[in-house]
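Architecture at a glance
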Amino acid sequence: MTEQTLFIVKPDGVERKLVGEIISRFEEKGFNILKLKMFTFTKQMAEEFYSVHQSKPFFGELVSFITSGRVVAAIIEGDNAIAATRLMVGLTKSFEAAPGTIRGDFGLGISDNIIHASDSKESFEKEVAVVFK
Ligand code: CMP
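Residues numbered from 1 in each chain as written. Predicted model: local features only at pLDDT ≥ 70, side-chain atom pairs only at ≥ 80, totals over all residues. Heavy atoms only, no water.

1. Digging into helix α5 (residues 81–89)
Definition in use: For the exposure calls, accessible area comes from a 1.4 Å probe over protein chains only, and a residue counts as buried if that area is under 20% of its type's maximum, exposed if over 50%, partly exposed in between. In this description a helix means any DSSP run of H or I spanning at least four residues, a strand means any run of E spanning at least two, and both kinds are numbered starting from the N terminus. As used here, the arc is the angular range of directions from the helix axis to the C-beta atoms. We call two residues contacting when some pair of their heavy atoms lies within 4.5 Å.
Within the sequence span of α5, burial applies to A81, I82, A84, T85, M88 and V89. The buried residues of α5 occupy one face: seen down the axis, they fall within an arc of 170°. Tucked inside the fold, the buried residues of α5 contact β1 (2–9), α2 (19–29), β3 (71–79), α6 (102–106), β4 (115–117) and α7 (121–131). Just downstream of α5, G90 is the residue with a positive phi angle, here 95°.

Here it is as C-alpha coordinates:
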(Lines give C-alpha, C1' and ligand atoms only; values in the text may rest on other atoms or scores of the structure.)
Protein backbone atom coordinates (compact mmCIF):
# COMPACT_ATOMS: atom_id res chain seq x y z
CA MET A 1 0.00 0.00 0.00
CA THR A 2 1.55 3.29 -1.10
CA GLU A 3 1.63 5.72 1.78
CA GLN A 4 3.20 9.03 2.67
CA THR A 5 5.03 9.93 5.85
CA LEU A 6 7.02 12.79 7.29
CA PHE A 7 10.44 12.79 8.89
CA ILE A 8 12.35 15.64 10.46
CA VAL A 9 16.10 15.72 10.91
CA LYS A 10 16.34 17.41 14.32
CA PRO A 11 18.79 20.21 15.26
CA ASP A 12 21.43 17.69 16.43
CA GLY A 13 21.26 15.85 13.08
CA VAL A 14 21.67 19.10 11.11
CA GLU A 15 24.47 20.32 13.40
CA ARG A 16 26.30 17.01 12.95
CA LYS A 17 25.94 17.17 9.14
CA LEU A 18 23.88 13.98 8.94
CA VAL A 19 21.23 15.40 6.55
CA GLY A 20 22.76 13.92 3.39
CA GLU A 21 23.36 10.52 5.00
CA ILE A 22 19.80 10.36 6.30
CA ILE A 23 18.16 11.43 3.02
CA SER A 24 20.37 8.90 1.19
CA ARG A 25 19.15 6.07 3.38
CA PHE A 26 15.53 6.82 2.48
CA GLU A 27 16.35 7.17 -1.23
CA GLU A 28 18.34 3.93 -1.23
CA LYS A 29 15.48 2.15 0.54
CA GLY A 30 13.25 3.08 -2.42
CA PHE A 31 11.20 6.01 -1.18
CA ASN A 32 10.36 8.99 -3.37
CA ILE A 33 10.96 12.39 -1.81
CA LEU A 34 7.94 14.60 -2.42
CA LYS A 35 8.84 17.69 -0.37
CA LEU A 36 11.90 18.99 1.48
CA LYS A 37 12.17 22.03 3.71
CA MET A 38 14.87 23.49 5.98
CA PHE A 39 13.56 25.81 8.69
CA THR A 40 13.65 26.63 12.40
CA PHE A 41 10.61 25.76 14.54
CA THR A 42 9.04 28.68 16.42
CA LYS A 43 7.89 27.91 19.97
CA GLN A 44 4.28 28.07 18.80
CA MET A 45 4.88 25.62 15.93
CA ALA A 46 6.75 23.22 18.25
CA GLU A 47 3.98 23.27 20.87
CA GLU A 48 1.43 22.49 18.18
CA PHE A 49 3.60 19.84 16.51
CA TYR A 50 4.18 18.01 19.80
CA SER A 51 0.78 18.74 21.40
CA VAL A 52 0.14 15.03 22.12
CA HIS A 53 3.04 15.24 24.60
CA GLN A 54 1.76 18.40 26.31
CA SER A 55 1.15 16.72 29.67
CA LYS A 56 4.46 14.81 29.72
CA PRO A 57 7.21 15.88 32.13
CA PHE A 58 9.66 16.25 29.23
CA PHE A 59 7.43 18.59 27.17
CA GLY A 60 9.41 21.74 28.03
CA GLU A 61 12.71 20.09 27.16
CA LEU A 62 11.24 18.72 23.94
CA VAL A 63 10.05 22.15 22.76
CA SER A 64 13.28 23.78 23.83
CA PHE A 65 15.38 21.24 21.91
CA ILE A 66 13.39 21.21 18.66
CA THR A 67 13.45 25.04 18.52
CA SER A 68 17.21 25.20 19.22
CA GLY A 69 18.38 25.15 15.59
CA ARG A 70 17.56 24.42 11.98
CA VAL A 71 15.78 21.21 11.02
CA VAL A 72 15.08 19.50 7.69
CA ALA A 73 11.59 18.13 7.08
CA ALA A 74 10.77 15.67 4.30
CA ILE A 75 7.59 14.13 3.00
CA ILE A 76 8.36 10.78 1.43
CA GLU A 77 6.23 8.20 -0.33
CA GLY A 78 6.47 4.43 -0.72
CA ASP A 79 4.97 1.09 0.28
CA ASN A 80 4.04 1.00 3.97
CA ALA A 81 5.98 4.23 4.44
CA ILE A 82 4.91 4.89 8.03
CA ALA A 83 5.90 1.52 9.48
CA ALA A 84 9.01 1.15 7.29
CA THR A 85 10.27 4.60 8.27
CA ARG A 86 9.74 3.94 11.98
CA LEU A 87 11.82 0.77 11.63
CA MET A 88 14.61 2.66 9.86
CA VAL A 89 14.57 5.36 12.59
CA GLY A 90 14.77 2.99 15.58
CA LEU A 91 13.60 3.24 19.19
CA THR A 92 13.07 6.67 20.80
CA LYS A 93 15.92 6.33 23.28
CA SER A 94 18.90 6.23 20.95
CA PHE A 95 20.95 4.17 23.41
CA GLU A 96 18.30 1.43 23.04
CA ALA A 97 17.98 1.71 19.24
CA ALA A 98 19.35 -1.24 17.26
CA PRO A 99 22.50 -0.88 15.18
CA GLY A 100 21.47 -0.40 11.55
CA THR A 101 18.80 2.11 12.51
CA ILE A 102 19.45 5.84 12.22
CA ARG A 103 19.27 6.44 15.97
CA GLY A 104 21.17 3.22 16.65
CA ASP A 105 24.00 4.17 14.32
CA PHE A 106 24.42 7.84 15.15
CA GLY A 107 23.53 8.67 18.72
CA LEU A 108 22.86 7.95 22.36
CA GLY A 109 20.39 10.71 23.28
CA ILE A 110 16.65 10.97 23.98
CA SER A 111 15.78 14.60 23.24
CA ASP A 112 18.73 14.68 20.89
CA ASN A 113 17.72 11.55 19.00
CA ILE A 114 18.55 12.91 15.52
CA ILE A 115 15.27 12.31 13.72
CA HIS A 116 11.50 12.35 14.22
CA ALA A 117 9.06 10.31 12.11
CA SER A 118 5.25 10.29 12.10
CA ASP A 119 3.83 7.31 14.01
CA SER A 120 0.42 7.11 12.25
CA LYS A 121 -1.60 8.55 9.37
CA GLU A 122 -3.34 10.90 11.83
CA SER A 123 0.00 12.17 13.19
CA PHE A 124 1.32 12.56 9.65
CA GLU A 125 -1.62 14.75 8.63
CA LYS A 126 -1.42 16.87 11.74
CA GLU A 127 2.37 17.27 11.52
CA VAL A 128 2.31 18.16 7.82
CA ALA A 129 -0.28 20.85 8.55
CA VAL A 130 2.14 22.44 11.04
CA VAL A 131 5.33 22.11 9.01
CA PHE A 132 4.19 22.65 5.40
CA LYS A 133 1.39 25.17 5.87
P1 CMP B 1 10.14 12.07 18.83
O2 CMP B 1 10.06 10.88 17.97
O3 CMP B 1 10.44 13.37 18.17
O4 CMP B 1 8.76 12.23 19.66
C5 CMP B 1 8.69 12.82 20.92
C6 CMP B 1 10.03 13.14 21.49
O7 CMP B 1 10.09 13.41 22.88
C8 CMP B 1 10.96 11.97 21.30
O9 CMP B 1 11.26 11.81 19.94
C10 CMP B 1 12.14 12.40 22.20
O11 CMP B 1 13.11 13.14 21.48
C12 CMP B 1 11.49 13.34 23.21
N13 CMP B 1 11.70 12.95 24.59
C14 CMP B 1 12.35 13.67 25.50
N15 CMP B 1 12.39 13.04 26.67
C16 CMP B 1 11.73 11.87 26.53
C17 CMP B 1 11.42 10.78 27.39
N18 CMP B 1 11.79 10.76 28.66
N19 CMP B 1 10.72 9.74 26.86
C20 CMP B 1 10.32 9.75 25.57
N21 CMP B 1 10.58 10.79 24.71
C22 CMP B 1 11.27 11.82 25.18
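2. Considering the pairing of β3
As a reminder, the rule being used: Two strands pair if DSSP finds at least two bridges between them.
Most of β3 is tucked away, with seven of its nine residues classed as buried. Bridging between β1 and β3 involves eight bridges; their strand directions are antiparallel. Bridging across to β3, V9 finds its partner in V72. Pairing geometry for strand β2 (residues 32–39) and β3, over seven bridges, is antiparallel. Residue pairing across strands places N32 opposite E77, the latter belonging to β3.

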